[in-house]
Amino acid sequence: DTGVSQDPRHKITKRGQNVTFRCDPISEHNRLYWYRQTLGQGPEFLTYFQNEAQLEKSRLLSDRFSAERPKGSFSTLEIQRTEQGDSAMYLCASSLVDRQETQYFGPGTRLLVL
Amino acid sequence: LAKTTQPISMDSYEGQEVNITCSHNNIATNDYITWYQQFPSQGPRFIIQGYKTKVTNEVASLFIPADRKSSTLSLPRVSLSDTAVYYCLVGLNTNAGKSTFGDGTTLTVKP
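My aim in this report is to walk through the structure given alongside it, one point at a time. These figures come from a predicted structure and were not determined experimentally.

Conventions used here
Residues numbered from 1 in each chain as written. Chains lettered and ligands numbered in written order. Predicted model: local features only at pLDDT ≥ 70, side-chain atom pairs only at ≥ 80, totals over all residues. Heavy atoms only, no water. Patch = residues over 30% accessible without salt bridge, like charges linked within 9 Å, V, L, I, M, F, W, Y side chains within 5 Å. Areas by Shrake-Rupley, 256 points an atom, 1.4 Å probe, with all protein chains shown as cover. Salt bridge = Lys/Arg side-chain N within 4 Å of Asp/Glu carboxyl O. Helix = DSSP H or I, 4+ residues; strand = E, 2+ residues; numbered from the N terminus. Buried < 20%, exposed > 50% of the residue type's maximum accessible area, 1.4 Å probe, protein only. Polar contact = N/O pair within 3.5 Å; in protein donor to acceptor, adjacent residues only side chain to side chain. Contact = heavy atoms within 4.5 Å. Disulfide = S-S within 2.5 Å. Pairing = 2+ DSSP bridges.

1. Structural notes on a nonpolar patch on the surface
Taken together, the side chains of Ile12, Leu112 and Leu114 of chain A make up a nonpolar region of the molecular surface, amounting to roughly 300 Å² of accessible area. Of note, Leu114 of chain A is situated in the segment after strand S11 (109-113).

Written as C-alpha cells, this is what we have:
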C-alpha cells in the first residue's frame with residue numbers, strides 16, 4: 001500500500017455512458033498525476049496537477065476527458081460518452097514538487113466499456 | 001525527455017542475480033535515472049533512483065557508468081515474486097512533471 005487510493009477499482013459501463021474516477025493522494029503530496037495504461041504497454045501520461053492547478057494535459061486527453069482537483073487534495077477524472085477505446089487501467093500517482101521523479105502510484109481503476 | 005531502450009523480456013531462475021540494462025544516450029545533465037516495478041493489476045512501484053556511480057538499497061542496486069548513457073538495475077537472488085515488469089525512466093520535463101515509461105522489461109523468474 002503506497003498511501004494513494006483509487007475508487008472504484010473496477011468499472012464496467014456501456015458505450016456512451018459517463019464515468020468518474022476518484023484518486024486520494026498521499027496527503028502531503030502537492031503533485032497529482034493521471035495515467036492510462038493498456039495491456040502490454042507502459043503507463044501513458046494524461047495530466048497533472050500542482051495543488052489545485054491543472055498544469056498540463058496530454059494530447060491523449062480528448063475533450064471527453066476532464067480532471068479536477070478542487071481543493072488540492074483528492075482528484076476526479078471524468079470520461080464523458082465513453083467509447084470502447086477508453087477501456088484501460090487508469091492510474092493515479094502523487095509526488096512532492098521537488099521529488100517529482102519519485103511518484104507513488106495507486107492501485108488503478110480498470111475500466112471496461114462494452 | 002530522454003528516450004530509453006530496454007530488453008522486452010528476460011528469464012531467470014530463483015536465486016540468481018538479474019541485471020537489466022537500460023540505454024539512454026541523450027540523457028541530460030540534470031536527469032536522474034529511476035526504476036519502477038509493476039505487478040499485474042497494480043500500479044508501478046518505485047524501486048531505486050540514481051544520478052551517477054552506484055546506488056544500493058534494500059531491494060536493488062543501480063549501476064551508472066561515468067558517461068551516464070546507460071544504467072543497470074541489479075536484483076540480487078531473485079525469487080518467484082520478483083516476476084514483474086521493470087521500467088527505466090530518465091528525467092522528467094520539470095515544467096510538466098510527466099514521465100515516459102516505455103514498455104518496460106518483463107522479467108520472468110522460474111523455479
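2. Overview of the side chain of Thr109 of chain A
Residues and elements named next belong to chain A. With respect to the element layout, Thr109 can be found in strand S11. Given the relative accessible area of 0%, Thr109 is considered buried. Separated by 2.5 Å, the side chain of Thr109 and the backbone oxygen of Pro8 make a polar contact. Setting aside residues up to four positions removed in sequence, Thr109 forms contacts with Gln6, Asp7, Pro8, Arg9, Phe21, Ala88, Met89 and Tyr90.

3. Regarding the state of the cysteines
Residue and element names in this part refer to chain B. Across all of its chains, the model carries two disulfides over all chains by this definition. The disulfide partner of Cys22 is Cys88, and the S-S distance across this bridge is 2.2 Å. With the S-S bond torsion at -80 degrees, the cross-link from Cys22 to Cys88 turns out left-handed. Here the residue Cys22 occupies a position in strand S2 (residues 18-23), and Cys88 occupies one in strand S8 (residues 84-90), the gap between them amounting to 66 residues. Summarising the burial analysis for this pair, Cys22 and Cys88 share the class buried.

4. Observations regarding the pairing of S8 of chain B
Regular strands place their side chains on alternate faces of the sheet. Residues and elements named next belong to chain B. Burial analysis of S8 places seven of its seven residues in the buried class, which makes it a mostly covered element. Of the two faces of S8, the one carrying Ala84, Tyr86, Cys88 and Val90 and the one carrying Val85, Tyr87 and Leu89 are both buried. Taken together, the six bridges between strand S3 (residues 33-38) and S8 define a ladder with antiparallel strand orientation. Across the sheet, Gln37 pairs through a bridge with Tyr86, a residue of S8. The pairing of S8 with strand S9 (residues 105-110) spans three bridges and is antiparallel. In the sheet register, Ala84 faces S9, and the bridge partner there is Leu107.

5. Considering the pattern of salt bridges
Any two side chains of opposite charge can pair, given that their charged atoms come close. Within the structure shown, the criterion is met by four salt bridges over all chains. As a salt-bridge pair, Asp24 of chain A and Arg22 of chain A come within 2.7 Å of each other at their nearest N and O atoms. By relative accessible area, which is 33% here, Arg22 of chain A ends up partly exposed. Across the pair Asp11 of chain B and Lys110 of chain B runs a salt bridge, and its minimum N-O distance is 3.4 Å. A residue pair is termed long-range when its members are at least 10 positions apart, and Asp11 of chain B in strand S1 (residues 9-13) and Lys110 of chain B in strand S9 qualify at 99 residues. Note on Lys110 of chain B: relative accessible area 32%, which makes it partly exposed. Linked by salt bridges that have partners in common, Arg64, Glu83 and Asp86 of chain A make up one network.

These figures come from the coordinates and say nothing about function on their own.
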